[in-house]
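What follows is the residue order along each chain.
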Amino acid sequence: MKIPAFGGSRQKKPKSSARKSKFRIQPLSRWHPGVRKLLSWIVTASSVLLCLLLLPTRLPGMELLGIAPNWLLIWVVAWSVKRTVFAGALAGIVLGLLQDSMTSPNPTHALSLGIVGILTGLLQKQRFIEEDFISIAVIVFVMAVLAETIFGLQLTLMGNERKVTDIWTYYQRVALASAILSSLWAPVVYYPLNRWWQRMKLLEQ
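Residues numbered from 1 in each chain as written. Predicted model: local features only at pLDDT ≥ 70, side-chain atom pairs only at ≥ 80, totals over all residues. Heavy atoms only, no water.

An unreviewed UniProt entry lists the chain under the name Cell shape-determining protein MreD, with Nostoc flagelliforme CCNUN1 given as the organism. What UniProt records for the chain under Sequence similarities (unreviewed entry) is the sentence "Belongs to the MreD family." What the UniProt record of the chain gives under Subcellular location (unreviewed entry) is the line "Cell membrane". (UniProt positions renumbered as here; feature names shortened; annotations may be inferred.)

> Is there a simple way to think about the overall build of the chain in this case?
Scanning the chain for helices and strands turns up 8 helices and 0 strands. When the elements of the chain are put in sequence order from the N terminus, they spell out α-α-α-α-α-α-α-α. In the chain, which comprises 205 residues, the share counted as buried stands at 38%. The contacts of the chain with a sequence gap of at least 6 include a subset with a gap of at least 24, amounting to 67%. Summed over its atoms, the accessible surface of the chain is roughly 13,100 Å², and 66% of this surface lies on carbon and sulfur atoms. (Helix = DSSP H or I, 4+ residues; strand = E, 2+ residues; numbered from the N terminus. Buried < 20%, exposed > 50% of the residue type's maximum accessible area, 1.4 Å probe, protein only. Contact = heavy atoms within 4.5 Å. Areas by Shrake-Rupley, 256 points an atom, 1.4 Å probe, with all protein chains shown as cover.)

> Hey, could you run me through the packing of helix 5 (residues 110–123) against helix 7 (residues 133–157) in this one?
Packed helices, taken two at a time, are described by the angle their axes make and the gap between the axes. Two elements in contact, helix 5 and helix 7, have axes separated by 9 Å at closest approach and are oriented at 145°. Pair helix 5 / helix 7 crosses with right-handed handedness. Residue-level contacts link Leu111, Ser112, Ile115, Val116, Leu119, Thr120 and Leu123 of helix 5 to Ile139, Met143, Leu146, Ala147, Ile150 and Gln154 of helix 7. For the contact of helix 5 with helix 7, the residue count by class is 10 nonpolar, 3 polar and no charged. (Axes fitted to C-alpha atoms, helices over the stretch in contact; angles between N-to-C directions. Left-handed = near helix turned anticlockwise from the far one by under 90°. Nonpolar A, V, L, I, M, F, W, Y, C, P; charged D, E, K, R; others polar.)

> Honestly, the environment of Gln154 in this entry has me stumped. Any pointers?
On the secondary structure map, Gln154 appears in helix 7. Along the primary structure Gln154 and Thr108 are separated by 46 residues, whereas in three dimensions their C-alpha atoms are 8.3 Å apart. Ignoring any residue separated from it by four or fewer positions in sequence, one finds Gln154 in contact with Pro107, Thr108 and Leu111.

> Can you walk me through the nonpolar core in this structure?
Nonpolar side chains tend to gather and get buried jointly when the protein is soluble and globular. With 34 residues, the main nonpolar core has Leu73 and Trp75 as its most contacted residues. Among the elements of the structure, helix 2 (33–54), helix 3 (71–80), helix 4 (85–102), helix 5, helix 7 and helix 8 (164–204) are those that each provide at least two residues to this core. Each residue touching Trp75, except ones within four places of it in the same chain, is listed here: Thr44, Ser47, Val48, Cys51, Ala91, Leu95, Val189, Leu193 and Trp197. (Core = buried A, V, L, I, M, F, W, Y, C linked by side-chain atoms within 4.5 Å.)

As C-alpha cells, then:
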C-alpha cells in the first residue's frame, strides 16, 4: 500500500527561493553612501598593496634584462590621469615613500613618482582623448623613462662612488626596459581600476 505524499516536493520550492532571496546581494546603488565610500577606499588600498607585492616579483613574461614593470608608476598614472594635479602629486609622493620603505630611502622614489603624478594630472586626458589603452601605454612609457632619469640624476648628484658614465649607461638600459614592460602591462592595472572609479563616481552623483 502506497502512502500518499502530502505535497512534500512543493514545500521545498518556497524554501529554496526564500533561501536565494536571503543571500542575494543588493546592488551598489542601494548601499549606504558611507559603506560604499569605505568599500571604494578598500579596493583602492588593496590595489596599491598588490602593486607593492608585485614589485619584487619576477614572473615569466614580466622581466626584461632583469627589470620588471614599475607597477607603482602604472598605478600613479592610472590614478592621476583623470584627477587634479594635487591628487596626482599626493598619490605619487605617498607611493614613492612606500617604495622607499621596501628598498632604500636614499635616493628617494617619492620625488620621481610625485613629478609623474603632477605631469599626468596636467595632461587632463579626459578633455581631448577618449578612453584608449594606447594613449595610456604611451603616457606610461614616457613617464617611466622620466622617472628612471630622475632617479639616475639623484644618484649622480649624491656623488656616488661609481663613475657618472657607468651610472647613466646602466640607467639607459633600465629606463628603456622599464618603459617597455610598464607600457605593455599598463592596461592590466588601468582598465579595472578606471572602471571601478568611474562607477563609484557615477553612484556618488
